[in-house]
Amino acid sequence: MHPAPTLYTERLILHPLELADAEAIQQQFPHWDVVRYLNVLVPWPYPADGAMTYLRDIALPAMARDEEWHWSIRLKSAPDQLIGNVSLMNEQDNNRGFWLAPQWQGQGLMGEASAAVTEYWFETLGRPLLRVPKAAPNIGSRKLSERTGMRLIHIEEGDFVSGRFPKELWEITREEWLQLR
(Lines give C-alpha, C1' and ligand atoms only; values in the text may rest on other atoms or scores of the structure.)
Protein backbone atom coordinates (compact mmCIF):
# COMPACT_ATOMS: atom_id res chain seq x y z
CA MET A 1 0.00 0.00 0.00
CA HIS A 2 1.14 3.53 -0.81
CA PRO A 3 -1.15 6.01 0.94
CA ALA A 4 -0.59 9.47 -0.49
CA PRO A 5 1.74 11.49 1.75
CA THR A 6 1.78 15.26 2.01
CA LEU A 7 4.28 16.58 -0.55
CA TYR A 8 6.08 19.92 -0.50
CA THR A 9 7.57 22.06 -3.27
CA GLU A 10 9.19 25.48 -3.16
CA ARG A 11 5.81 27.27 -3.05
CA LEU A 12 3.24 24.52 -2.54
CA ILE A 13 1.81 22.01 -0.12
CA LEU A 14 0.17 18.99 -1.78
CA HIS A 15 -2.13 17.45 0.80
CA PRO A 16 -3.97 14.16 0.18
CA LEU A 17 -7.60 14.86 -0.70
CA GLU A 18 -10.15 14.32 2.03
CA LEU A 19 -13.91 14.70 2.33
CA ALA A 20 -13.43 18.02 4.13
CA ASP A 21 -12.11 19.46 0.82
CA ALA A 22 -15.51 19.19 -0.87
CA GLU A 23 -16.65 22.75 -0.14
CA ALA A 24 -13.40 24.32 -1.34
CA ILE A 25 -13.38 22.19 -4.51
CA GLN A 26 -17.00 23.12 -5.15
CA GLN A 27 -16.00 26.80 -5.03
CA GLN A 28 -12.81 26.57 -7.13
CA PHE A 29 -13.53 23.86 -9.70
CA PRO A 30 -16.70 24.76 -11.64
CA HIS A 31 -15.24 27.43 -13.92
CA TRP A 32 -15.18 27.13 -17.70
CA ASP A 33 -11.42 27.85 -17.81
CA VAL A 34 -10.88 24.89 -15.47
CA VAL A 35 -13.20 22.28 -16.97
CA ARG A 36 -13.38 22.96 -20.71
CA TYR A 37 -10.53 20.59 -21.65
CA LEU A 38 -11.34 17.90 -19.10
CA ASN A 39 -12.83 14.52 -20.01
CA VAL A 40 -16.50 14.64 -20.99
CA LEU A 41 -17.22 12.45 -17.94
CA VAL A 42 -16.98 15.63 -15.83
CA PRO A 43 -20.58 16.82 -15.49
CA TRP A 44 -21.29 20.28 -16.90
CA PRO A 45 -22.94 22.39 -15.68
CA TYR A 46 -21.28 21.16 -12.50
CA PRO A 47 -23.93 20.05 -9.98
CA ALA A 48 -24.17 21.66 -6.53
CA ASP A 49 -23.05 18.38 -4.94
CA GLY A 50 -20.44 17.58 -7.62
CA ALA A 51 -17.36 17.84 -5.41
CA MET A 52 -18.88 15.83 -2.56
CA THR A 53 -20.05 13.13 -4.97
CA TYR A 54 -16.66 12.99 -6.67
CA LEU A 55 -14.74 12.71 -3.41
CA ARG A 56 -17.13 10.27 -1.72
CA ASP A 57 -17.86 7.99 -4.68
CA ILE A 58 -14.76 8.17 -6.90
CA ALA A 59 -11.55 9.71 -5.55
CA LEU A 60 -11.49 8.54 -1.93
CA PRO A 61 -12.51 4.93 -2.70
CA ALA A 62 -9.83 4.75 -5.43
CA MET A 63 -7.27 6.10 -2.95
CA ALA A 64 -8.34 3.48 -0.40
CA ARG A 65 -7.85 0.76 -3.05
CA ASP A 66 -4.34 2.12 -3.77
CA GLU A 67 -5.33 2.71 -7.42
CA GLU A 68 -5.24 6.51 -7.42
CA TRP A 69 -3.46 9.24 -5.49
CA HIS A 70 -5.10 12.67 -5.27
CA TRP A 71 -3.75 15.83 -3.67
CA SER A 72 -5.17 19.27 -3.05
CA ILE A 73 -2.84 22.06 -4.12
CA ARG A 74 -2.27 24.82 -1.56
CA LEU A 75 0.15 27.72 -1.41
CA LYS A 76 2.61 27.59 1.48
CA SER A 77 1.72 31.26 2.00
CA ALA A 78 -2.00 30.35 2.39
CA PRO A 79 -2.12 26.68 3.47
CA ASP A 80 -5.81 26.72 4.34
CA GLN A 81 -6.86 27.68 0.80
CA LEU A 82 -7.28 24.94 -1.80
CA ILE A 83 -6.39 26.27 -5.27
CA GLY A 84 -6.40 23.08 -7.34
CA ASN A 85 -5.90 19.35 -7.52
CA VAL A 86 -3.27 17.02 -8.95
CA SER A 87 -3.74 13.28 -9.32
CA LEU A 88 -2.02 10.07 -10.29
CA MET A 89 -4.06 7.17 -11.64
CA ASN A 90 -3.15 3.55 -12.22
CA GLU A 91 -4.96 3.50 -15.58
CA GLN A 92 -3.73 2.60 -19.02
CA ASP A 93 -2.71 5.75 -20.90
CA ASN A 94 -4.02 8.06 -18.14
CA ASN A 95 -1.60 8.42 -15.26
CA ARG A 96 -1.67 12.08 -14.26
CA GLY A 97 -4.27 14.82 -14.26
CA PHE A 98 -4.70 18.23 -12.72
CA TRP A 99 -6.65 21.44 -12.53
CA LEU A 100 -5.89 24.85 -11.10
CA ALA A 101 -8.33 27.67 -10.33
CA PRO A 102 -8.06 30.46 -12.93
CA GLN A 103 -6.54 33.14 -10.70
CA TRP A 104 -3.48 30.92 -10.02
CA GLN A 105 -2.87 29.78 -13.59
CA GLY A 106 0.15 31.01 -15.53
CA GLN A 107 2.48 31.26 -12.51
CA GLY A 108 4.32 27.95 -12.86
CA LEU A 109 2.48 26.39 -9.92
CA MET A 110 1.22 23.40 -11.89
CA GLY A 111 4.77 22.70 -13.05
CA GLU A 112 5.82 22.44 -9.39
CA ALA A 113 2.87 20.25 -8.46
CA SER A 114 3.35 17.98 -11.48
CA ALA A 115 7.06 17.58 -10.78
CA ALA A 116 6.36 16.50 -7.20
CA VAL A 117 3.78 13.87 -8.13
CA THR A 118 5.83 12.66 -11.09
CA GLU A 119 8.71 12.04 -8.69
CA TYR A 120 6.28 10.13 -6.45
CA TRP A 121 5.12 8.07 -9.48
CA PHE A 122 8.61 7.03 -10.49
CA GLU A 123 10.44 6.93 -7.14
CA THR A 124 7.88 5.78 -4.57
CA LEU A 125 5.50 3.81 -6.77
CA GLY A 126 8.33 2.53 -8.98
CA ARG A 127 6.41 2.91 -12.24
CA PRO A 128 8.37 2.56 -15.49
CA LEU A 129 6.23 4.89 -17.65
CA LEU A 130 4.02 7.96 -17.21
CA ARG A 131 1.36 8.67 -19.83
CA VAL A 132 -0.83 11.74 -19.90
CA PRO A 133 -3.76 12.38 -22.27
CA LYS A 134 -4.88 15.91 -23.10
CA ALA A 135 -7.06 17.92 -25.46
CA ALA A 136 -4.87 19.29 -28.25
CA PRO A 137 -6.19 22.87 -27.79
CA ASN A 138 -5.02 22.85 -24.15
CA ILE A 139 -1.83 24.81 -24.89
CA GLY A 140 -0.86 25.28 -21.22
CA SER A 141 -0.94 21.56 -20.57
CA ARG A 142 0.97 20.88 -23.79
CA LYS A 143 3.70 23.35 -22.80
CA LEU A 144 4.03 21.73 -19.38
CA SER A 145 4.52 18.32 -21.02
CA GLU A 146 7.12 19.76 -23.41
CA ARG A 147 9.02 21.54 -20.59
CA THR A 148 9.17 18.34 -18.55
CA GLY A 149 10.66 16.16 -21.30
CA MET A 150 7.54 14.30 -22.33
CA ARG A 151 6.97 13.40 -25.96
CA LEU A 152 3.81 13.17 -28.03
CA ILE A 153 3.24 9.54 -29.05
CA HIS A 154 -0.33 9.36 -30.35
CA ILE A 155 -3.27 11.49 -31.51
CA GLU A 156 -6.89 10.40 -31.83
CA GLU A 157 -10.27 12.05 -31.40
CA GLY A 158 -11.55 12.54 -27.88
CA ASP A 159 -14.60 13.96 -26.13
CA PHE A 160 -14.12 16.78 -23.66
CA VAL A 161 -16.45 19.06 -21.69
CA SER A 162 -16.19 21.71 -24.44
CA GLY A 163 -16.57 19.30 -27.37
CA ARG A 164 -14.74 16.86 -29.59
CA PHE A 165 -11.06 17.57 -30.26
CA PRO A 166 -7.89 15.77 -31.16
CA LYS A 167 -6.71 13.99 -28.00
CA GLU A 168 -2.96 13.79 -27.58
CA LEU A 169 -1.14 11.15 -25.59
CA TRP A 170 2.18 12.21 -24.06
CA GLU A 171 4.69 9.99 -22.27
CA ILE A 172 7.99 9.86 -20.48
CA THR A 173 9.83 6.78 -19.22
CA ARG A 174 11.45 6.51 -15.82
CA GLU A 175 14.88 6.38 -17.50
CA GLU A 176 14.18 9.56 -19.49
CA TRP A 177 12.90 11.29 -16.36
CA LEU A 178 16.01 10.28 -14.40
CA GLN A 179 18.26 11.75 -17.13
CA LEU A 180 16.49 15.11 -16.82
CA ARG A 181 16.94 15.38 -13.07
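In this report, the structure presented in the accompanying data block is examined. (Residues numbered from 1 in each chain as written. Predicted model: local features only at pLDDT ≥ 70, side-chain atom pairs only at ≥ 80, totals over all residues. Heavy atoms only, no water.)

Some words on the layout of surface pockets
To find the voids left in a structure, one rolls a probe of water-molecule size over its atoms.
Link 1 in the chain: The computed volume of the second largest pocket comes to approximately 180 Å³.
Link 2 in the chain: Ser114, Ala115, Thr118, Thr148 and Trp177 are the residues nearest the centre of the second largest pocket, which is lined by 13 residues in total.
Link 3 in the chain: Sorting the residues of the lining of the second largest pocket by element identifies α4 (109–124) and α6 (174–180) as the ones contributing at least two each.
Link 4 in the chain: Looking at the lining of the second largest pocket, the element that brings in the most residues is α4, giving four residues.
Link 5 in the chain: Among the residues forming the lining of the second largest pocket, the class breakdown is six nonpolar, three polar and four charged. (1 Å grid on protein atoms, 1.4 Å probe; cavity = no way out; pocket = protein on both sides within 12 Å on 5 of 7 lines; lining within 4 Å. Points joined across faces, edges and corners; volume = space filled by probe spheres on them. Helix = DSSP H or I, 4+ residues; strand = E, 2+ residues; numbered from the N terminus. Nonpolar A, V, L, I, M, F, W, Y, C, P; charged D, E, K, R; others polar.)

What about the pattern of salt bridges?
Link 1 in the chain: Applying the stated criterion across every chain, the model contains 15 salt bridges.
Link 2 in the chain: Between Arg11 and Glu112 there is a salt bridge, with its nearest N and O atoms 2.5 Å apart. Remark: Glu112 occurs in helix α4 and Arg11 occurs in the loop between β1 (7–8) and β2 (12–16); sequence separation between them is 101 residues.
Link 3 in the chain: Here Glu112 falls in the buried class, since its relative accessible area comes to 15%.
Link 4 in the chain: Residues Glu123 and Arg174 are paired through a salt bridge, measuring 3.5 Å at the closest nitrogen-oxygen approach. On the criterion of sequence distance, the pair formed by Glu123 in helix α4 and Arg174 in helix α6 is long-range, its members being 51 residues apart.
Link 5 in the chain: Residues joined in a network through salt bridges with shared partners are Asp93, Arg131, Arg151, Glu171 and Glu176. (Salt bridge = Lys/Arg side-chain N within 4 Å of Asp/Glu carboxyl O. Buried < 20%, exposed > 50% of the residue type's maximum accessible area, 1.4 Å probe, protein only.)

Some remarks on α4
For an α-helix, the turn length of 3.6 residues means that residues three or four places apart are oriented alike.
Link 1 in the chain: Here α4 is 16 residues long and its end C-alpha atoms lie 22 Å apart, about the 22 Å a rise of 1.5 Å per residue gives.
Link 2 in the chain: Every buried residue belonging to α4 is among Leu109, Met110, Glu112, Ala113, Ser114, Ala116, Val117, Thr118, Tyr120, Trp121 and Phe122, and all of these are buried.
Link 3 in the chain: Downstream of α4 by a residue or two, Gly126 has a phi angle that is positive, lying close to 70°. (Expected span 1.5 Å × (residues − 1).)

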